[in-house]
Amino acid sequence: MKVPFYLHNLEESDIERIDNVLRSPFLTTGKVTGEFETKFAAYLEIDHVVGLTSCTMALFLALKTLGVGPGDEAITTPISFVATANTIMHAGAVPVFVDVEKETGNIDASKIEAAITERTKAIVPVHLYGQMADMKAIQAIAKKYGLLVVEDAAHAVESSRDGYRSGHLGDAAAFSFYATKNLTCGEGGALATTDADLAENLKKMRLHGMTKNAADRYHAKRYEHYDVEMLGYKCNMDNLHAALLVEQLDRLDSLNSRRQAICERYESVLGDINAVDFPKVLPGSKSARHLFTIWVDPQRRDDILWKLQEREIGVAVNFRAIHLMKLYRERFGYAEGSYPNAESISQRTITLPLYPKMSDEQVDYVLQALREIVTA
Ligand SMILES: *Cc1c(COP(=O)(O)O)cnc(C)c1O
């Protein structure tokens, strides 16, 4: 592979930290998890973080704990990883899609009001590719109609928009530490919120609804009984995964500068190639630069994708529209033509490699290959 799709930035010091946990008696949720939660909350400038096993579980638990359930609708975007809409269904509610902005691929806040019914309970925006959705507009709508806002911030650890970060304006924001995300521990997630009650409930919901976890019992001088207050799940972040995350936080901003530089190099060249377009980062918005995607002729998309692969360039597709997946077509009767901007992106998008370890030579190799392929 000349340019792999993704390489992580874990270092020896991260491995040492996990090594220390392995040599300690305590592997599950404990001190290191707490250390990560405190540090991540400080990084996000938010009051509470709860460590979980995935962003999927963070979205699900937030919806469930905030009271989204059967009979409710939740408004979301068709351009996301399927977890966003799936978790709305897992909570028992119906996902209602709203089309995206042509320029950014983010949910179009100006179209949300038209989708609100008396069953609408929540809005679940996604901060696509690292650029936050228009949270100020979304929060204003939520306030007007008394709706909850749960942000899918899987791409948006480092992001800000209009001075706000992920989780600042919504009721909760869900983060992913999946293998290819900007901040990773292989599999992991977290929920960030300004709501102390939600955070406290989530700490129970992540572990069967128990009032004390193993660390509480282990560190108590005398055994203390736990009670079960609610029907919870099993998705608590353990000390091992947390160990990988703690120090990465210190490096995030410098790694993000490198991502930004790579994107600028991509954009300056692609700006001159007519056959290639790409999402715009808006003024007032700092993108986490999680994914760099391009938009090409829909007739040629798959061909271009395969030709990039033939040249040993790692590629992906983020994302094909959720409403046109078999499950969603069959369950809700969605068909082509429902969300034109989303469908257009779905048919045209290709994700190029983007990670701090990519060299300028590799970026140029991708650009040269792309130029030759699209102009052939
Ligand atoms: C990766 C991703 C998720 C799911 O994250 P997990 O931690 O794997 O559950 C959710 N939403 C978006 C937009 C993602 O990219």
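Scroll up a little and you will see the structure.
Rules of the game
Residues numbered from 1 in each chain as written. Predicted model: local features only at pLDDT ≥ 70, side-chain atom pairs only at ≥ 80, totals over all residues. Heavy atoms only, no water. Helix = DSSP H or I, 4+ residues; strand = E, 2+ residues; numbered from the N terminus. Buried < 20%, exposed > 50% of the residue type's maximum accessible area, 1.4 Å probe, protein only. Contact = heavy atoms within 4.5 Å. Patch = residues over 30% accessible without salt bridge, like charges linked within 9 Å, V, L, I, M, F, W, Y side chains within 5 Å. Areas by Shrake-Rupley, 256 points an atom, 1.4 Å probe, with all protein chains shown as cover. Salt bridge = Lys/Arg side-chain N within 4 Å of Asp/Glu carboxyl O.

## Here's the deal with the environment of V94
Alright, step 1. Looking at where V94 falls in the secondary structure, it is placed in strand β3 (residues 94–97).
Alright, step 2. By relative accessible area, which is 33% here, V94 ends up partly exposed.
Alright, step 3. Along the chain, V94 and E73 lie 21 residues apart, while their C-alpha atoms are 4.7 Å from each other.
Alright, step 4. Every residue in contact with V94, bar those within four places of it in the chain, is listed here: D72, E73, A74, I88 and F332.

## As for a nonpolar patch on the surface
Alright, step 1. Residues Y223, Y226 and V228 make up a contiguous nonpolar surface patch of roughly 320 Å² in combined accessible area.
Alright, step 2. In this structure, Y223 sits in the loop between α7 (214–219) and α8 (239–246).
Alright, step 3. The class of Y223 is exposed, set by a relative accessible area of 55%.

## Description of unusual backbone geometry
Alright, step 1. Here N318 and F319 are connected by a cis peptide whose omega angle stands at 10 degrees.
Alright, step 2. Tracing the sequence through the fold places F319 in the loop between α10 (301–310) and α11 (326–332).
Alright, step 3. Look at E45: it is not a glycine, yet its phi comes out positive at around 55 degrees.
Alright, step 4. Along the chain, the position of E45 falls in the loop between α2 (31–44) and β1 (48–52).
Alright, step 5. The phi dihedral of Y129 falls on the positive side, at around 65 degrees, and the residue is not glycine.

## Examining the pattern of salt bridges
Alright, step 1. The final tally for this structure, using the stated rule, is 28 salt bridges.
Alright, step 2. A salt bridge links D14 to R251; its shortest N-O distance comes to 2.6 Å. Here D14, found in helix α1 (residues 12–22), pairs with R251, found in helix α9 (residues 248–270); they are 237 residues apart in sequence, far enough to count as distant.
Alright, step 3. Residue D19 pairs with R23 through a salt bridge whose shortest N-O separation is 2.8 Å.
Alright, step 4. You can call D19 partly exposed: its relative accessible area is 28%.
Alright, step 5. Through salt bridges with shared partners, one network takes in R258, R265, D360 and D364.

No statement about biological role is implied by the geometric values presented.
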